Amino acid sequence: MTTQIIKTTCPYCGVGCGVDAKVENNQLIAVSGSKDHPANKGSLCVKGASLHETVGYQDRILHPTIKNERVSWDRATHYIAEQLSQVIEQHGPEAIAMYVSGQILTEDYYVANKLMKGFIGTANIDTNSRLCMASAVVAHKRAFGSDTVPACYEDIEHADLVVLTGSNLAWAHPILYQRLSAAKQARPHMKIVVIDPRQTASCDIADLHLALRPGTDAYLYNGLAQYLIEHGYIDHNYINSHCNGYEDLLKQVSHQTLSDTSHICDLEDDLVSMFYQWFAETERTVTLFSQGINQSSSGVDKGNAIINCHLITGKIGKVGAAPFSITGQPNAMGGREVGGLANQLAAHMTFSNPQDIDQVGQFWHATSMAQQEGLKAVDMFEAVAQGKIKAIWIIATNPLVSMPDSESIREALTQCDLVIVQDVSLSSDTLKYADVCLPATTWGEKSGTVTNSERTISRQRSFLTPPGEARHDWQIICDIAKEMGFNEAFSYKTSADIFREHAQLSALRNSGNRDFDISELSLMSDQAYDNMPPIQWPINSAYPKGRARFFEDGVFFTADRKANLIPIQPKLPAYPATHNELILNTGRIRDQWHTMTRTGKTSRLLAHTSVPFVEIHPATANAFNIQENSWVSLQTPVSKYIAKATITRSVRQDSVFIPMHWSDFFSSHGKANSLVRPIRDALSGQPEFKHSPVEAKSLNPRSQGVLISSLPFSPPSYVEWHRIPYEHCTLWELMSEGKTFTLSGLKAYYPRIKDWVSITDSNENFLHAAGFIDKQLTVLLFSAINMPSIDQPWLLSQMGKTIPLLSRHLLLTGVPQDSTQACGKIVCSCHQVGENTIINTLANGNACDIDTLGELLKCGTQCGSCVPELKSLINLHQA
Ligand SMILES: Nc1nc2c(c(=O)[nH]1)N[C@H]1C(S)=C(S)[C@@H](COP(=O)(O)OP(=O)(O)OC[C@H]3O[C@@H](n4cnc5c(=O)[nH]c(N)nc54)[C@H](O)[C@@H]3O)O[C@H]1N2
Ligand SMILES: Nc1nc2c(c(=O)[nH]1)N[C@H]1C(S)=C(S)[C@@H](COP(=O)(O)OP(=O)(O)OC[C@H]3O[C@@H](n4cnc5c(=O)[nH]c(N)nc54)[C@H](O)[C@@H]3O)O[C@H]1N2
Ligand code: SF4
Ligand SMILES: [Mo]
C-alpha cells in the first residue's frame, strides 16, 4: 500500500485554503490544512475538513447522454458540434449561450471564454459570478479604472478597525474569520463592527452591531462621507493628488444629516456616530463587503459609497487599510482574470476599447471575434425563454436553484431547443432539463489553478481516477471546439498549455496599464507548473514574486491615473414590503455549500442544520400566530416556500431569513429562489437576492413526522417533505395538511416488508410504526398532529440493526431507554458533539468554558466553526 500526500486547494469558498490530501490506493483517506499555504497556515473549516466524505462516486454522472439515452463521447461531441453549427448558420452566433461558474478552474474558464468570444462569435457567455461579484466588479472599475482587489488577508490582521458589511464571515469564510478572531485576541484594542440586519455568528466577536434597515447601506456610507467631511477627517492631500470628483461628492452628500441617516437606516443616533467616529479616527481600517452589499438592485452604488469613504481618507493601499470585496467561490477571481463575464474580455481587457478587441482577436487567431458585450445571466435566461437563444450550454452551476425566479428558469429551459448540462452530480435539479448531459470530472480528479480573494493563484491537483467516462471540463470544451472546425486554437495537450497561453495574454501590450499581469509565468515548464507554489498576482518583471497590495503609490488604472470618487444617490430596494408583508432575506448556513450537490452527501455536514427553516422574530411570529418549530408558508403571487419556524431575536421584526441551499432534490417547497424576483442592478445585472416582499402564513398540519427508510421512497403529492440522506438510509421529514399517514398506506407503499410493529389510536391521529426485513430494521415512521418528540440520532443508529422482538415496542417510543444515549442536536460537526451532551457537561459542573469543554468533549477544537454556538450555550447555562 502506498500513501501519498498531495498538496491541493479546497474547492469551496474564496478563502482558498491549501489542503493536504492523504491518498491510499486511489482513495482519499483524510485531509488536513496545508501548513505552508498562506491563506490557512494549517487550518481547515468543517466543510474543508469533510472533503474526504464528499468525494464518493455514488451520485455521479458516469456517461454522456442525449435525450436520456447513453451515447459515446464521439457521438455526444459530434452531435453538439453539429447542432451548434446549425444554430449559427440559421440564427447567427447570438442564438447560442454558455452559462458557466466561478467553481471551474482557470484553464476550463479560459477555453470556454475563448471558444465563445473568439470562435462561435458571441459574448453570450456569463457566469454565476453575476449573482455574486458583478456589483463589486463594476464598483471597482468605476473607482479604480480596473477590477482590482487592492488588499490582502494580512491587512485584516493588521487593521485596528474591521468593518464587516453584508458579510457573515464566520460562516461564509470561516478560516479568514478565525484569522480575524485570533488577531483581535492578540491585539484586544482592535475593533470589529458588523453591519447586517441580522445578528449573525460574526457578531460574536463584534464591538458594535448595526442591525440596519435592509437595503440602506448606501445611506449609511453617504452619511459617513458627510460626517468625515464635516468633522475634518478627510485627507486633502490624498484627494488632491490622487482623486477625481471630490466637488461632486461633496454636493451629493452634504445635505444628509446624521439624524436623517439614523432615521432611514432605523438605527440609534449614538450607534451610528460611534461607528462614524471609529472609522474617522482609525487609520488602519478595512471594510470587508460581500453579498449584503452586492446582491442588491443598487449594489454597484453601495460598493462605491464604501470605496468613496476609503478614498477621501486615504485608507487604501496601505498595511491594514482598504476596501475589501471578498469573493465567494473558489475561483471567482480566476473567472474575472479570463473575462468570464459577458461584459468582459480576457485578461482584464474590455469591449469598450476597440483596440482590446482587436488585440485579443489577433492573439487567439479568432475566426469570429465578438465585437460587443453579451447578455448577463438574467437577461440571458430571458432570451432563452423568448426563443432568441436556441442553445444553452450550462457548466458547473445549478441555475434551477440558484437563479432568481426559479419557475421562469424552468420554463425557459423546458422550451429551449438544445440544453447541454455539463455537471458531475445526479442531484443537480438542472439536469432534469438537459437534452444532452456531459459527465465532468471534479475536485480531486481534475488539475489546474484557482485564484482566491487576495489574488493568490493556487494549484488544484488530481489524485483520484475519474469515475465512468467523466472528462475534464477543458477537454470537453476543446473536443467540441475541434469538432466544430477550430482545430488549431484548441489543440492543447495539458492544462499547463492553457495556463501558459493565459499568462502570455495577460502580458500582451501590458506596460503597467492593466492590473492583471502574470507574464513571469508565461514560459513556465510543465514541471514548474506541476510544482507551482501559491503566488499572488501580479507576477511580472516589477513583481516577480507577486505583490501583496495595489495602490500603495496612489496610482490607479484610470486614464489620468487618479481614482474616481463616485457621487451616488442612495436607493431603497426595488420592491418594498407592504404593511402585511415581510422582507425576505436569503443567505448561507455554516455547513452547506450552495445547492448541496456536494455537502448534502455527508451526514456530518447535515447534522448542524438538516432541513430548511424560516427565522422569524418573536413579535412577528406572535402577530402571525406562528410557534417555534411549527410549519410556515412564505409566499408570493407566483410561488411558495414551506419550512418550520425558528423563532429568534437575531432577525429584525420586519424580516424573515431563509437559507439559499435547498433544491427540488432535497425538498418539496424549500427553494428560496422560488420567492425571489429577477430584479437586478442596472449597471451590474446582479439580482436582489436579499430583499423580496413575501407573505407569511402559519400552516395547520393534519399529520407530521419523520420517515426513516433504507429503501427508496418518493413522497405522495399531498405531502410536504425534506430529504436528509445518510450513509445507510434516508430520513424524510413529512407534513400533510390533508390526509393523515396510515399504517395501511405505509404497508401498501412497502409491499416487500411483511414484518411490522406499530402503535396508533383509533382514528390513526398518531402512528408509530417499524418495518423489518429479515429482522433488520428497514423503515420507521413517527407521525401525529403535533411533531412527535423523538431522538433522531438514536433512531438513525438503530437502522439496519437486528432488533430483538422484546425491544421492538421500546423502539416505537422514539427515544432510548437509557437517556445518556441521547446526545441531542449536533453542535460540533467535526467531532459530532450534541447539544444535550454539552448541556449535561455544563450542568454537571465538569466544564465551564470553551477550553474545558474542548478538553473534555473535543467540541470546537478542530475547525472552530461551532465556537460561537458553544459560547451561547455557556452563556445560557450561566444565565
Ligand atoms: N458555508 C458556506 N460558505 C460559503 C458559501 C456557501 O454556500 N456556504 N458560498 C460562498 C459564496 S459563493 C459566497 S458569494 C459567499 C457569501 O458570503 P456572505 O455574503 O458573507 O454570505 P450571505 O449569507 O449570502 O450574506 C451575508 C449577509 O448579508 C446580510 N444582509 C442582507 N441584507 C443586507 C443589507 O441590506 N445590508 C447589509 N449590510 N447586510 C445584509 C445577510 O443577513 C447575511 O448575513 O460565501 C461563500 N462561502
Ligand atoms: N436566494 C439566493 N440565491 C443565490 C444566492 C443567495 O445568497 N441567495 N447566492 C448566489 C451566489 S453568490 C452564488 S455563487 C450562486 C451559486 O449557485 P450555483 O453555482 O448554481 O450552485 P452550486 O451548487 O455550487 O452549483 C455547482 C454545480 O456544479 C457541479 N460541479 C461541481 N464540480 C464541478 C466540476 O468540476 N465541473 C462541472 N462541470 N460541474 C461541477 C455541482 O454538482 C453543481 O451542480 O447562488 C446564487 N444564488
Ligand atoms: S474556509 Fe473552509 S470552505 Fe473556505 S477554503 Fe478554507 S477550508 Fe475551504
Ligand atoms: Mo457566490
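Residues numbered from 1 in each chain as written. Chains lettered and ligands numbered in written order. Predicted model: local features only at pLDDT ≥ 70, side-chain atom pairs only at ≥ 80, totals over all residues. Heavy atoms only, no water.

Asks: Any chance you could explain the packing of aromatic side chains here in plain terms?
Replies: Think of a pair of aromatic rings as described by two things: how far the centres are apart, and how the planes are tilted against each other in angle. Under the counting rule described, the total for this entry stands at 27 aromatic pairs. Aromatic pair Y227 and Y276: ring centres 5.3 Å apart, planes at 55°, arrangement tilted. Remark: Y276 occurs in helix α13 (residues 269-281) and Y227 occurs in helix α9 (residues 217-230); sequence separation between them is 49 residues. Under the relative-accessibility criterion, Y227 is labelled buried at 10%. Looking at Y276, the relative accessible area reads 0%, which means it is buried. Grouping aromatic residues by their ring pairs yields a cluster made of F144, F516, W537, F550, F551, F556 and F557. Of note, R723 hangs over the ring of F665, and the distance from its end group to the ring centre comes to 3.9 Å. (Phe/Tyr/Trp six-rings, centres within 6.5 Å; stacked < 30°, edge-to-face > 60°. Helix = DSSP H or I, 4+ residues; strand = E, 2+ residues; numbered from the N terminus. Buried < 20%, exposed > 50% of the residue type's maximum accessible area, 1.4 Å probe, protein only. Lys NZ or Arg CZ within 6 Å of the ring centre and 35° of its normal.)

Asks: Just checking my understanding: could you explain the site of ligand 3 for this structure?
Replies: Every residue close to ligand 3 is listed here: C10, Y12, C13, G16, C17, L44, C45, K47, G48, P174 and I175. Where the shell around ligand 3 is concerned, the elements lending two or more residues are α1 (46-49) and α8 (174-186). Here the residues of the shell around ligand 3 are counted per class, giving eight nonpolar, two polar and one charged. (Near = heavy atom within 4 Å. Nonpolar A, V, L, I, M, F, W, Y, C, P; charged D, E, K, R; others polar.)

Asks: Please clarify how the pairing of strand β14 (residues 391-395) should be interpreted in this entry.
Replies: With five of its five residues buried, β14 lies for the most part within the structure. Pairing of strand β6 (residues 96-100) with β14, which is carried by four bridges, proceeds in the parallel orientation. Looking across to β14, one finds that Y99 is bridged to I394. (Pairing = 2+ DSSP bridges.)

Asks: Would you mind showing me how to read the site of ligand 1 here?
Replies: As a matter of local geometry, ligand 1 sits amid 34 residues, with A172, D196, G215, R588 and Q592 nearest to it. The separation between a nitrogen atom of ligand 1 and a polar main-chain atom of G166 is 3.2 Å. Here G215 contributes a backbone N or O atom positioned 2.6 Å from an oxygen atom of ligand 1. Relative to its unbound accessible surface of 910 Å², ligand 1 loses 99% to contact with the protein. Secondary structure elements with two or more residues in the shell around ligand 1: α7 (169-172), α14 (291-294) and β21 (582-587). Classifying every residue of the shell around ligand 1 by side-chain character gives ten nonpolar, 17 polar and seven charged. (Polar contact = N/O pair within 3.5 Å; in protein donor to acceptor, adjacent residues only side chain to side chain. Areas by Shrake-Rupley, 256 points an atom, 1.4 Å probe, with all protein chains shown as cover.)

Asks: Can you walk me through helix α15 (residues 299-312) in this structure?
Replies: Each α-helix winds once per 3.6 residues, and so residues spaced three or four apart point in a common direction. A rise of 1.5 Å per residue sets the reference length of α15, with its 14 residues, at 20 Å; its end C-alpha atoms lie 20 Å apart and thus fit the reference within 8%. Summarising burial for α15: 14 of the 14 residues are buried, a large majority. (Expected span 1.5 Å × (residues − 1).)

Asks: How should I be thinking about the sheet that holds strand β25 (residues 655-659) in this particular structure?
Replies: Two modes of strand pairing occur in sheets, parallel and antiparallel, and in both the strands are linked by backbone hydrogen bonds. Spatially, the six strands close up into a barrel ordered β21-β25-β22-β24-β23-β26, and their pairing is mixed. Looking at each pair of strands side by side, their axes are set apart by 45° on average, direction ignored. Sheet topology places strand β22 (residues 613-616) next to β25; two bridges connect them, and they run antiparallel. Within β25, the residue paired with E615 across the bridge is F657. (Axes fitted to C-alpha atoms, helices over the stretch in contact; angles between N-to-C directions.)

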